[in-house]
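Coordinates in review
Spelled out from the first residue to the last, the chains are:
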Amino acid sequence: MAARRDAPGLPDFSLLKRLARDQLIFLLEQLPGKKDLFIDADLMSPLDRIANVTILKQHEVDKLYKVELKPIVSSSDQLCFLIRPRIQTVKWISDLVNSDKVAGRFRRYKIIFTPQKFYACETVLEEQGVYGDVTTDEWNFYILPLDDDILSLELPEFFRDNFLEGDQRWVTTAGSALHLLQSVYGSFSKVYGIGRCAKRTRQPEFAKVFLIDRDVDFVTPLCSQVVYEGLVDDIFRIKCGSVEFGPDVTSSDKSIKVMLNSQDKVFDEIRNEHFSNVFGFLSQKAKNLQTAYDKRRGMDIQQMKAFVADELKGLKQEHRLLSLHIGASESMMKKKTKQDFQELLKTEHSLLEGFEIRECITHIEEHINRQVSMIDSLRLLCLLSITENGLLSKDYKSLKAQYLQSYGIEHLLTFANLRQLGLLEEQQAGETLTVMESKVGKLVTDKTVGKLTDAFSSLAKKSNFRALSKRLALVPKSGEEYDLRVPRDMAYVFSGAYIPLSCKLIEQVMERDGWTGLEEVARMLNGQEFAVTGGCSSSEARNKTDAQRIVLVMFLGGCTYSEISALQFLGKERGCRFIVVTTAITNSARLLEALLDNGASV
């Protein structure tokens with residue numbers, strides 16, 4: 001789905017990589033001489049995109065190790081630790097320093113915290129008696145460009161820490177990321193947002209931005225992805241912009257790591273397509289490629305030399321990528337055209353439309369009892385709860401008991417986490433939706449009440465999905481034909497069954513240039529909306545026509561590839577470009593795994 005020809009050009013985000021690399025090199029050089037570098041496991045992929053092994057070796061990094069929280073084998077006299085600011089890791093480093101002291105070994109130690117240093121970590125160093133033995137620093141690595149228009153903070157823990165634990169420390173990091181973008185690429189004219197976290201992050205002087213909390217829309221990440229890039233992520237797990245395709249895709253005994261971005265011309269043309277269209281495209285591409293190869297026939301020597309010099313390398317590269325994406329598509333087709341998947345989609349669509357709910361519950365029970373997938377079972381339970389404003393008490397108790405029996409009693413805490421976030425709730429006796437809405441509605445609209453307390457605000461979090469769906473036309477009328485080859489709206493990313501709420505909100509706010517006319521919608525979403533005008537003057541804005549057609553959307557708590565595809569479609573329709581900034585890429589599995597509490601480490 002190519003951008004319109006009149007679409008504005010995008011800023012060069014490779015500058016962010018260079019800034020991050022230069023700062024890291026500066027920090028490494030502050031520990032002169034050979035040193036061993038210990039890297040947090042979840043920093044290894046982002047680091048590889050910024051400064052690969054060759055660059056690190058050039059700056060006297062001798063050996064690289066992954067932080068594994070166990071005794072080390074390094075014989076170096078200088079140890080450098082590149083870590084997230086986690087107490088557990090800092091305690092491990094303190095233990096290493098203290099064990100060296102006991103053994104009478106002298107080394108130099110440097111901790112580089114990224115993206116920032118927290119006071120709690122320094123307190124641990126003091127408590128463990130090693131504060132004077134260790135130097136600490138910060139690598140302000142806030143944003144990693146995954147592609148021309150996708151930027152990630154690579155902070156998957158943001159979601160759980162902020163929305164479940166109430167730990168707001170990463171909000172500062174998100175604000176710093178916005179500030180960095182502003183300082184490098186200039187200010188904009190407007191900021192819109194919804195969500196408590198978004199409200200704390202806003203930068204009045206940084207605009208043409210939409211900030212959105214993940215908990216404003218949980219339905220979208222809970223739905224199965226059916227655009228190509230989303231499916232690749234669901235099945236193969238895209239990590240930091242790259243994916244590892246195994247032997248079932250490569251048709252060999254080797255796995256291949258592939259960068260998925262706009263530099264891959266085959267991928268770039270299919271990434272936002274509904275999966276049902278992908279094979280047709282790849283088939284046509286293969287025919288075109290064969291035609292290009294066939295041009296060699298009948299060439300004289302000079303023509304053949306020119307062909308080899310100018311075209312052959314490009315054709316071979318395209319052929320390699322085409323083979324990989326055909327292999328990936330075939331592998332996904334085997335997994336996703338099974339009856340189980342079709343039944344799963346049918347259940348999802350019924351839940352979104354509010355039809356045949358009893359049949360949906362029966363299907364969910366079968367799914368749980370057959371132990372098809374722990375995460376999928378949980379996902380369907382959450383989708384049922386959100387779309388139905390909580391489960392009837394008898395259904396909640398029955399489904400919960402069946403789930404715990406199938407997957408383990410240790411998931412009791414998981415249910416508590418889901419309940420806390422409003423993802424899986426039991427309807428309270430005597431509290432119908434209408435009663436709940438009228439109570440909250442009166443509180444919100446009554447001017448004499450003043451500012452609502454968080455306790456009252458949380459009442460409004462009773463999903464309201466049906467009312468929102470109707471008000472924003474999120475679910476197309478059933479029975480309508482939907483041509484996925486020529487999509488008419490953003491619903492194509494879910495086979496025409498549902499327009500992502502997050503993206504519909506962005507569309508509506510852009511259309512109205514604010515929240516006017518959307519007060520009722522904002523109220524149903526817990527009313528934390530805002531709009532701020534500032535930054536450049538109106539005359540500057542008129543002179544920046546291209547810049548005014550670039551909209552930066554920041555998802556706080558994660559964004560799915562389906563939402564990115566939907567925004568790309570909207571941008572194409574409106575002649576603007578969306579830049580997506582997210583704390584991390586998410587999907588239903590990542591979202592729910594972050595909330596599992598079956599002994600997972602914190």
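Note: the structure precedes this text.
Residues numbered from 1 in each chain as written. Predicted model: local features only at pLDDT ≥ 70, side-chain atom pairs only at ≥ 80, totals over all residues. Heavy atoms only, no water.

**Description of the overall build of the protein chain**
Secondary structure summary: the protein chain contains 28 helices and 14 strands in total. Buried residues in the protein chain amount to 54% of all 602 residues. If you take every contact in the protein chain between residues at least 6 apart in sequence, the share linking residues at least 24 apart comes to 74%. Entry remark: accessible area of the protein chain is about 27,000 Å², with carbon and sulfur atoms responsible for 51%. (Helix = DSSP H or I, 4+ residues; strand = E, 2+ residues; numbered from the N terminus. Buried < 20%, exposed > 50% of the residue type's maximum accessible area, 1.4 Å probe, protein only. Contact = heavy atoms within 4.5 Å. Areas by Shrake-Rupley, 256 points an atom, 1.4 Å probe, with all protein chains shown as cover.)

**Considering the pattern of salt bridges**
When charged atoms on two side chains of opposite charge get close, those side chains can pair. Scanning the model with the defined rule gives 36 salt bridges in all. One salt bridge in this structure joins Glu 122 and Lys 117, with 3.5 Å as the shortest N-O distance. By relative accessible area, which is 17% here, Glu 122 ends up buried. Its salt-bridge partner being Glu 507, residue Lys 504 comes within 3.3 Å of it at the nearest N-O pair. Taken together, the residues Lys 504 and Glu 507, both in helix 23 (residues 501-512) and 3 residues apart, mark about one turn of the helix. Linked by salt bridges that have partners in common, Asp 40, Asp 42, Arg 86 and Glu 157 make up one network. (Salt bridge = Lys/Arg side-chain N within 4 Å of Asp/Glu carboxyl O.)

**Quick word on the side chain of Ser 385**
Summarising the element assignment, Ser 385 is placed in helix 17 (residues 374-387). Side-chain polar atoms of Ser 385 contact the backbone nitrogen of Glu 425, separated by 3.0 Å. What Ser 385 contacts, discounting residues up to four positions off in sequence, is Gly 390, Leu 391, Leu 423, Leu 424 and Glu 425. (Polar contact = N/O pair within 3.5 Å; in protein donor to acceptor, adjacent residues only side chain to side chain.)

**A few points about the environment of Ala 522**
Of note, Ala 522 is situated in helix 24 (residues 519-524). Residues Ala 522 and Gly 195, 327 residues apart in the sequence, show an inter-C-alpha distance of 9.6 Å. Setting aside anything within four residues of it in sequence, one finds Ala 522 in contact with Ile 194, Trp 515, Gly 527 and Glu 529.

**Some remarks on the nonpolar core**
Most often, soluble globular proteins have nonpolar side chains that are buried together. Counting residues in each nonpolar core, the largest one holds 182 residues, and the members touching the most others are Phe 81, Trp 139, Tyr 498 and Met 554. If you tally residues by element for this core, the top one is helix 17, at 8 residues. Not counting residues up to four positions away in its chain, the partners in contact with Tyr 498 are Asp 217, Val 219, Thr 220, Cys 223, Leu 352, Phe 465, Leu 474, Val 475, Pro 476, Met 490 and Ala 491. (Core = buried A, V, L, I, M, F, W, Y, C linked by side-chain atoms within 4.5 Å.)

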